[in-house]
Amino acid sequence: MNRSARRMLRSPLVLVAGALLLWFVFAFLVFPNLVMLREIFLPDGSFSTRAFTELWSSDRARESLRNSFLLAAALSVTVNAVGVFIVLATRYFALRGARLLWLGYATTLVYGGVVAVSGYTFVYGEHGLLTRLLVDAFPGTDPAWFSGMPAVVMVMTLTGTSYHLLFLTSALGRVDHQTIEAAQQLGASPWRILRRVVLPVLKPTLFAVTVLTFLGGLTAFAAPQVIGGRDFQTITPMILTFAGIPSSRDLAATLAVLLGAATLVLLSVLNRMQAGGTYFSVSKVPSALRRQRITNPVAGAVVHVLAYALFAAYLVPPLLIVVFSFTGASTIASGRITTSSFTLANYRQVLTDATASWPLLVSIAYATVTATVVIALMLFVARVLHKYPSPVTAAVEHLLHIPWMLPSTLTALGLIITYSEPRTVVGGTVLTGTLVLLAIAYVSAKIPITLRMLKAAYAGVPDSLEEAATLLGAGAWHTFRRVLLPLVLPTAAAVSALNFNSLLDDYDISVFLAHPLYQPLGITIQNATRNEGTSDSTALTLVYAVLLMAVSGLVMWFVYGRRADTGHRRRRPRPRPGHEHTAPTAADTDTGASARPTRTV
């Protein structure tokens, strides 16, 4: 046992918290997956491969596997192409109206998941507004033209660029403008500078985003289920179908395990590829990136047209949702708006009728509890993992990443199968069908990314600050509360906001584990979207979508907007004579300005 592990074991708080953490990991991350494997390979107490044989003989199952991998591969190309373009258009090139374009593209930050799928269905679906206009103008148009793999790829491409806006924009800010000026002085063309200087700096972030995009395509649920149609089925909806039939649960478990195995193999291969990545360097005195003018008029016109066409594609669905949420079902069905069409009846019903507002309140409650529990738990765990590096903490960290390596449907199905009967590990109680099981699944799903981001935040805090606090006589708790926590709090707030927003309209986990009387909003929106035609439920769905966008936007502004405003107003202090060199501030640490890496893998 190394010195770090011995120091960790001397802390009673760490020992108690560690025991609780190991119980949680075993009970809800490891044990359910072991039960699933037993369900597949030992259904009657003896080894059997019946589930695999039945699954392989099913044409639908084989087709869904093929479609999932095709979708994941297609999205890896389309999402990166669109994501890189919108980041360059708004942050690298000097386009007219770049800020307006960014606002349009940023709608995906507050408008995604099942809400976005319902929004695109409302505009382009069989009973959608644009489809009705097309059929009126061209009677021979197929009303179901927006379905199948092309429609799924389009929706998931436009809604899958959030990671680019958040992370690729940040990576672009690390490009040193002096390297661009040096390349220009050497006679390099703008395209060559973009390809050989700028894009290589973005390569590690693009790699990480590609992994997330591929996994998202592999486990896609809402979009294939709603707009995939009969001819395009993927794995996750098939798992839901099999899970609903008690005699076919082993087939659902087998499909989920196959999906999990494919995910693990993919992550292993991509991590090995990433380990052999290229190293980059920046100048010792970096300067901020300046927007580049497109000197070629034809290229400039093409880029402007593409940028504003994408702007319209991003903005039209949420804009129409907002407008038609103030109208009745008849106006939504006809698509014809007059001044008398507008009404507040939909909002009045959702905000005053307990039955109508119940799904929204349930979602907000679940999202609030989950985001709070996860961030409180991971603030402590990430601190311990960072402070006491050892083989023991490394093993615990790997176990906490299980929900990241396995699809959420696999986790949800494992929890259903495992806790549908009394289990000693949870005190002999049955958890399936209870409120707590969905909350546990939410917490488990958000642990990996929260832990990873907080651990990185702790790693960015200089050790000298903690050492100085210790020399001044501060205890461990006082140092954490007054020194460390303020420095990692911006990251904690950002991750909490992302977790909260993503859980508001969650459907993938909720559809498996939700209590019948406490169904979150994602299920309500999904059910209303799949209904034929337009009814009063459609109007309520639009109101739900607008309220979710408002709540998500408010959360994002609270986390990002207030800090940006504060940063603009903050005055830079003048250095006093003899004190030109100042220690890095919390803001510098947060943006990475004080610890610019000399290489990136």
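Residues numbered from 1 in each chain as written. Predicted model: local features only at pLDDT ≥ 70, side-chain atom pairs only at ≥ 80, totals over all residues. Heavy atoms only, no water.

Let's hear about the packing of aromatic side chains: which residues, and what values?
Enumeration over the complete set of coordinates arrives at 18 aromatic pairs. Plain terms: the ring middles of tyrosine 124 and tryptophan 145 are 6.3 Å apart, the flat faces sit at 90° to each other, and that makes the pair edge-to-face. With tyrosine 124 in helix H6 (residues 113-124) and tryptophan 145 in the loop between helix H7 (129-137) and helix H8 (148-159), the pair connects residues that are 21 residues apart, well separated along the chain. Accessibility expressed as a relative area gives 11% for tyrosine 124, which makes it buried. (Phe/Tyr/Trp six-rings, centres within 6.5 Å; stacked < 30°, edge-to-face > 60°. Helix = DSSP H or I, 4+ residues; strand = E, 2+ residues; numbered from the N terminus. Buried < 20%, exposed > 50% of the residue type's maximum accessible area, 1.4 Å probe, protein only.)

Provide a residue-level description of the environment of valine 257, including the pertinent values.
Positionally, valine 257 belongs in helix H14 (residues 249-275). Note on valine 257: relative accessible area 19%, which makes it buried. In the structure, valine 257 is positioned 154 residues away from threonine 411 in sequence and 10.0 Å away in space, judged by C-alpha atoms. Every residue in contact with valine 257, bar those within four places of it in the chain, is listed here: Met36, Leu37, Ile40 and Leu410. (Contact = heavy atoms within 4.5 Å.)

Break down the side chain of serine 363 for me, with residues and values.
Its location among the elements puts serine 363 in helix H18 (residues 354-387). If sequence neighbours within four positions are ignored, serine 363 has contacts with Leu504, Pro520 and Leu521.

Tell me what's going on with the packing of H6 against H7, and back it up with residues and numbers.
Packing of H6 against H7 leaves a shortest axis separation of 3 Å and a crossing angle of 15°. By the angle between their directions, the pair H6 and H7 is classed as roughly parallel. Where H6 abuts H7, its residues Phe122, Val123 and Tyr124 lie against Leu129, Leu130 and Thr131. Here the residues of the contact of H6 with H7 sort into five nonpolar, one polar and no charged. (Axes fitted to C-alpha atoms, helices over the stretch in contact; angles between N-to-C directions. Parallel < 35°, antiparallel > 145°, perpendicular 65-115°, else oblique. Nonpolar A, V, L, I, M, F, W, Y, C, P; charged D, E, K, R; others polar.)

Please set out the environment of valine 559 residue by residue, giving values where relevant.
Relative to the assigned elements, valine 559 resides in helix H27 (residues 536-569). Valine 559 sits 66 residues away from alanine 493 along the chain, and the two C-alpha atoms are 6.3 Å apart. In this structure valine 559 touches Ala493, Ala494 and Ala497, once residues within four positions along its chain are discounted.

How would you sum up the confidence of the model for the chain? Please name residues and give values.
For the chain, the mean per-residue pLDDT works out to 80, and 87% of the residues sit at or above 70. A low-confidence stretch, residues 566-601 stays under pLDDT 50, and its non-local contacts, those more than four residues away or across chains, total 27 contacts. (pLDDT = per-residue confidence, 0-100.)

Explain the nonpolar core residue by residue, including any values.
Counting 166 residues, the largest nonpolar core has Leu413 and Leu513 as the members making the most contacts within it. Sequence-distant contacts of leucine 513, defined by excluding residues within four places in its chain, comprise Ala412, Leu415, Ile416, Thr434, Leu437, Leu438 and Ala441. (Core = buried A, V, L, I, M, F, W, Y, C linked by side-chain atoms within 4.5 Å.)

Now, about a nonpolar patch on the surface: what can you tell me, with residues and values included?
A contiguous nonpolar surface patch, about 480 Å² in accessible area, is contributed by Trp358, Leu361, Leu435, Leu517 and Tyr518. Along the chain, the position of leucine 435 falls in helix H22 (residues 435-459). The exposure class assigned to leucine 435 is partly exposed, which follows from its relative accessible area of 37%. (Patch = residues over 30% accessible without salt bridge, like charges linked within 9 Å, V, L, I, M, F, W, Y side chains within 5 Å. Areas by Shrake-Rupley, 256 points an atom, 1.4 Å probe, with all protein chains shown as cover. Salt bridge = Lys/Arg side-chain N within 4 Å of Asp/Glu carboxyl O.)

Mind laying out the pattern of salt bridges, listing which residues take part and the relevant values?
A side chain of one charge can pair with a side chain of the opposite charge if their charged atoms are brought near each other. In total, this model carries five salt bridges according to the counting rule given. With a closest N to O distance of 3.4 Å, arginine 290 and glutamate 181 form a salt bridge. In this pair, arginine 290 sits in the loop between H14 and helix H15 (297-324) while glutamate 181 sits in helix H10 (residues 177-185), placing the two residues 109 residues apart along the sequence. Residue glutamate 181 is classed as partly exposed on the basis of its relative accessible area, which comes to 29%. With a shortest N-O distance of 2.8 Å, lysine 455 and glutamate 397 are connected by a salt bridge. Taken together, the residues span a long stretch of sequence, with lysine 455 in helix H22 and glutamate 397 in helix H19 (residues 391-400) at a distance of 58 residues.

Summarise H15; cite the residues concerned and give the values.
The terminal C-alpha atoms of H15 lie 39 Å apart, and with 28 residues this matches the ideal 40 Å at 1.5 Å per residue to within 8%. The axis of H15 is deflected most strongly, by about 35°, at leucine 315, and proline proline 317 appears within four residues downstream. Among the residues making up H15, those that are buried are Gly300, Val303, Ala307, Leu310, Phe311, Ala313, Tyr314, Pro317, Pro318, Ile321 and Phe324. (Expected span 1.5 Å × (residues − 1). Bend = angle between axes of the 7 residues up to and from the residue.)

Any chance you could break down the environment of alanine 98 for me, citing the residues and the numbers?
With respect to the element layout, alanine 98 can be found in helix H5 (residues 98-105). Remark: the alpha-carbon pair of alanine 98 and isoleucine 86, spanning 12 residues in sequence, is separated by 9.8 Å. Once residues within four sequence positions are removed from consideration, alanine 98 is found in contact with Ala89, Thr90 and Arg291.

Talk me through the packing of H22 against helix H24 (residues 476-504); I want residue IDs and the actual numbers.
Contact geometry of H22 with H24 gives a least axis separation of 10 Å together with a crossing angle of 145°. The hand of the H22/H24 crossing is right-handed. In this structure, H22 contributes Tyr442, Lys446, Ile449, Thr450, Met453, Leu454, Ala457 and Tyr458 to the contact, and H24 contributes Phe480, Val488, Thr491, Ala492, Val495, Asn499, Ser502 and Leu503. Of the residues that constitute the contact of H22 with H24, the class distribution is 11 nonpolar, four polar and one charged. (Left-handed = near helix turned anticlockwise from the far one by under 90°.)

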